[in-house]
Amino acid sequence: MAYRLLALDIDDTLLKSNHRLTKETKEAVEYVKNKGVYITLATGRSFISARKVAKSLKLSDPYLITHNGSFLASHVKEPVFERRIGAETVYQVVDILENYHCHFKLFHEKYVIANKTRQKAQLISRVNLQLTDPLFYPVHYVESPSHRLIDQPLSVLNIRAQFWNKRERRDALEELEESVTGIRITPGGKEELFINHESASKAFALQNLASRLGIAPYEIVAVGADMRDRDMVSQAGLGVAMGDAPEEVKASADWITRSNDQSGVAYMVKEVFRKQLRIETPHQ
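Residues numbered from 1 in each chain as written. Predicted model: local features only at pLDDT ≥ 70, side-chain atom pairs only at ≥ 80, totals over all residues. Heavy atoms only, no water.

Undergrad: Hey, could you go over the side chain of Asp226 for me, with residue numbers and the actual values?
TA: Following the sequence through the fold, Asp226 ends up in the loop between β12 (220-224) and α9 (230-235). The buried category is assigned to Asp226, whose relative accessible area is 18%. A distance of 2.7 Å separates a polar atom in the side chain of Asp226 from a polar atom in the side chain of Arg228. Those residues in contact with Asp226 that lie beyond four places of it in its chain are Pro246 and Val249. (Helix = DSSP H or I, 4+ residues; strand = E, 2+ residues; numbered from the N terminus. Buried < 20%, exposed > 50% of the residue type's maximum accessible area, 1.4 Å probe, protein only. Polar contact = N/O pair within 3.5 Å; in protein donor to acceptor, adjacent residues only side chain to side chain. Contact = heavy atoms within 4.5 Å.)

Undergrad: Describe the sheet that holds strand β13 (residues 238-241), naming the residues involved and giving the relevant values.
TA: Overall, parallel pairing links the five strands, which are arranged β2-β1-β12-β13-β14 in an open sheet. Pairing within the sheet leaves two strands with one partner each, and these edge strands are β2 (38-41) and β14 (255-256). (Pairing = 2+ DSSP bridges.)

Undergrad: Describe the packing of helix α4 (residues 87-97) against helix α7 (residues 166-179), listing the residues and the values that go with them.
TA: Contact geometry of α4 with α7 gives a least axis separation of 10 Å together with a crossing angle of 150 degrees. As summarised for this structure, α4 and α7 are arranged roughly antiparallel, according to the angle between their axes. The handedness of the crossing between α4 and α7 comes out as right-handed. In this structure, α4 contributes Gln92, Val93, Ile96 and Leu97 to the contact, and α7 contributes Glu175, Leu176 and Ser179. For the contact of α4 with α7, the residue count by class is four nonpolar, two polar and one charged. (Axes fitted to C-alpha atoms, helices over the stretch in contact; angles between N-to-C directions. Parallel < 35°, antiparallel > 145°, perpendicular 65-115°, else oblique. Left-handed = near helix turned anticlockwise from the far one by under 90°. Nonpolar A, V, L, I, M, F, W, Y, C, P; charged D, E, K, R; others polar.)

Undergrad: I'd love a proper account of the packing of aromatic side chains, names of residues and values included.
TA: Under the defined criterion, the tally for this structure stands at four aromatic pairs. When the ring of Phe47 is compared with that of Phe71, the centres are 6.1 Å apart and the planes differ by 75 degrees; the resulting orientation is edge-to-face. Placement of the pair is Phe47 in helix α3 (residues 47-56) and Phe71 in strand β4 (residues 71-73), with a sequence separation of 24 residues. With relative accessibility at 0%, the residue Phe71 sits in the buried group. Where Phe81 meets Phe204, the ring centres are 5.5 Å apart and the plane angle is 50 degrees; that geometry is what we call tilted. Of this pair, Phe81 sits in strand β5 (residues 79-82) while Phe204 is found in helix α8 (residues 202-213), placing the two residues 123 residues apart along the sequence. (Phe/Tyr/Trp six-rings, centres within 6.5 Å; stacked < 30°, edge-to-face > 60°.)

Undergrad: Can you lay out the pattern of salt bridges for me, pointing to particular residues and giving the numbers?
TA: Considering all chains together, one arrives at 17 salt bridges under this definition. For Asp171, the salt bridge goes to Arg167, with nearest N and O atoms at 3.7 Å. Separated by four residues within a single helix, Asp171 and Arg167 lie in helix α7, roughly one turn from each other. Salt-bridge contacts for Glu191 lead to Arg169; the nearest nitrogen and oxygen are separated by 3.8 Å. Of this pair, Glu191 sits in the loop between β10 (183-188) and β11 (192-197) while Arg169 sits in helix α7, placing them 22 residues apart in sequence. (Salt bridge = Lys/Arg side-chain N within 4 Å of Asp/Glu carboxyl O.)

Undergrad: So what about the side chain of Asp229? Which residues, and what values?
TA: Along the chain, the position of Asp229 falls in the loop between β12 and α9. Excluding its chain neighbours within four sequence positions, the residues that come into contact with Asp229 are Asp9, Lys202 and Gly224.

Undergrad: Can you break down the confidence of the model for the protein chain residue by residue, with the values?
TA: With 92% of its residues at a pLDDT of at least 70, the protein chain reaches an overall mean of 91. Here residues 122-135 is a poorly scored stretch, pLDDT under 50, and it has 23 contacts once near neighbours within four places are set aside; other chains count. (pLDDT = per-residue confidence, 0-100.)

Take a look at the structure:
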């Protein structure tokens, strides 16, 4: 079996817990690339943020799966696939979230709109550091996003909400599921909710990319670390879960590697691609 496409999640997969790329991981990605395998990143991050990671890995303008599968592009101005949450639905979601103690962000491909909150300042700073780089991806903090959306309707690629406790998140999740149609909601660790268009997922975007490249599903290796990766991992020819992934993700995988802090991607590459001969491909 020769694998022709490798899809890698970024946070908790490629990056260590300190959000850094190790030399070992960079060398592993270069090793796979030299085998002729097409490499993409499949992430909840914005395209601009994912592109910075791709450049660190010396990937030359690859198609990137970003915003949890809502945006597939090799250039931010030229998406080949996108699934937006419509402006009316965005308003419905925001109108509900504003009734809870949470910090939420509305992700456009070029900027973010976020609600202002004085609670949990350290937590918010940590979330901001992980998700966005203000130098490349501006964040606009607004006292009342719902009021802004009345005057300036906005369709977005995804919404992320960080709650202060499990009860608030549970109640918000139940209300969103009962009141808003056309969205996909995925609970995450650290009391988060990830909201996308109902037909957006990393798995669907990866299928779209593979079809564009003429690659069959069984020729794909997909590596992920959280619930947003589960479908992508389960549908790939070889689905790989990180060692510290949730049990549901591990159960959907064909293979479990080490954790991100134990260079799990590099370990997987050595085990899976070591005996594979170089393949000829026009794509990368």
